[in-house]
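Examining the three-dimensional arrangement
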Amino acid sequence: MTAETRADRLAALLVAVPYARFLGMSAELAGDEMTAILPFSPHLVGNTALPALHGGVLGAFMEMTAVMQLSIREPALRAPGAHQPRTIDVTIEYLRPGRALTLYARADVRKVGRRIANVHVEAWQETRASPVAALRGHFLLRLTR
Amino acid sequence: MTVDLEALAALGARMVEMTPHAAALGMKFVSVEADVGTLKIPYRDDLVGDPQTGVLAGGVITALLDHACGLAVKAAALDADPTATLDLRIDYMRPARPRRDVIARAHCYKLTHTIAFVRAAAFEDDPDDPIATAQAAFVRAGAAPKDSV
């Protein structure tokens, strides 16, 4: 199987994963570094009084960011039909209310072992230095090679 | 203290109907009792995370567990004060089975003045065969995260 380019793999994932479309997620690539983007939409609100994004949206968006970053990083995971990394565990830290603004996230792949990857993700809105939430997680790699 | 289960059930129903993201996910109120809240999400094709298998996205389970934990805090604190999630840890034991509804049951096992501690599990029909388990801490009203963290 030939490895797709990172951009092709990313575009294919964003179209093929129904839940990414449900959230309204997109992404930009700079080399192998991906910035995930989630424009504000009323269906993402968890607290109408503030208003604030649902905690589950922040967690879901960061988890999807980690999975997509892993999927485009490893050539074996970029192969057509390769299995998506599967989440083993995530720890989500909520630092500030997510406001009615676009949300961004970047994933930092800390370690890729033979079967398991460790990934840290940070999500921010207007100011990267003031993150809204962070996620640390382990992901099972299901390589096809 | 007598727990008014009818009032709690009404609160639980409002918590899913009046929260835009819960409503968008099709979340349903199941039941509430002292310190415990149960919610579910019926299976839907547009919530799938892995198109090869038809398994619901992990994020759907995350949002369901988070919301059920919030209901459990209400069922323990017995007030309408808002809460904010401080942290949430989720362990995924296995993929959700395709085309099955997912239930989340959360238990608020400790309340302090500022923090509520909650455990939860997501499953299809057997709580002893969980898809995922969660451990969460919530900040109670009066201690908004931006002031305290």
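Notes on the structure in this doc start here. Fair warning: this is a prediction, and the values are worked out from it, not measured in the lab. (Residues numbered from 1 in each chain as written. Chains lettered and ligands numbered in written order. Predicted model: local features only at pLDDT ≥ 70, side-chain atom pairs only at ≥ 80, totals over all residues.)

This part takes up the interface of chain A and chain B. Listed per partner, the contact involves 33 residues of chain A and 33 residues of chain B. Elements represented by at least two residues in the side of chain A that touches chain B include exactly α2 (18-23), β3 (45-47), α3 (55-73) and β5 (86-94) of chain A. Among the elements that line the side of chain A that touches chain B, the one with the most residues is β5 of chain A, at eight residues. Residues that form the side of chain A that touches chain B fall into these classes: 17 nonpolar, twelve polar and four charged. Bridge count between β5 of chain A and strand β5 (residues 84-92) of chain B: five bridges; the pairing is antiparallel. Within β5 of chain B, the residue paired with D89 of chain A across the bridge is D91 of chain B. (Contact = placed C-beta atoms within 7 Å. Helix = DSSP H or I, 4+ residues; strand = E, 2+ residues; numbered from the N terminus. Nonpolar A, V, L, I, M, F, W, Y, C, P; charged D, E, K, R; others polar. Pairing = 2+ DSSP bridges.)

Let us look at the sheet that holds β5 of chain B. Spatial strand order, β1(A)-β2(A)-β6(A)-β7(A)-β8(A)-β5(A)-β5(B)-β8(B)-β7(B)-β6(B)-β2(B)-β1(B): twelve strands in an open sheet with antiparallel pairing. Because the sheet does not close on itself, it has two edges, and the strands there are β1 (26-30) of chain A together with β1 (28-33) of chain B. Looking at each pair of strands side by side, their axes are set apart by 20 degrees on average, direction ignored. Sheet topology places β5 of chain A next to strand β8 (residues 133-140) of chain A; eight bridges connect them, and they run antiparallel. Counted as the bridge partner of D89 of chain A is H138 of chain A from β8 of chain A. Helix-sheet contacts for α3 of chain A involve β1, β2 (33-38), β5, β6 (103-112), β7 (116-124) and β8 of chain A together with β5 of chain B, and the interaxial angle to β8 of chain A is about 45 degrees. (Axes fitted to C-alpha atoms, helices over the stretch in contact; angles between N-to-C directions.)

Attention now goes to the nonpolar core. F61 and A123 of chain A together with L64, L65, C69, A72 and A122 of chain B are the most contacted members of the largest nonpolar core, which has 96 residues in total. For this core, the element with the highest residue contribution is helix α3 (residues 58-77) of chain B, accounting for twelve residues. Apart from residues no more than four positions distant in its own chain, A122 of chain B is found in contact with I61, L64, L65, V102, I103, A104, P130, I131 and A132 of chain B. (Core = buried A, V, L, I, M, F, W, Y, C linked by C-beta atoms within 7 Å. Buried ≥ 20, exposed ≤ 12 C-beta atoms within 10 Å, placed from the backbone.)

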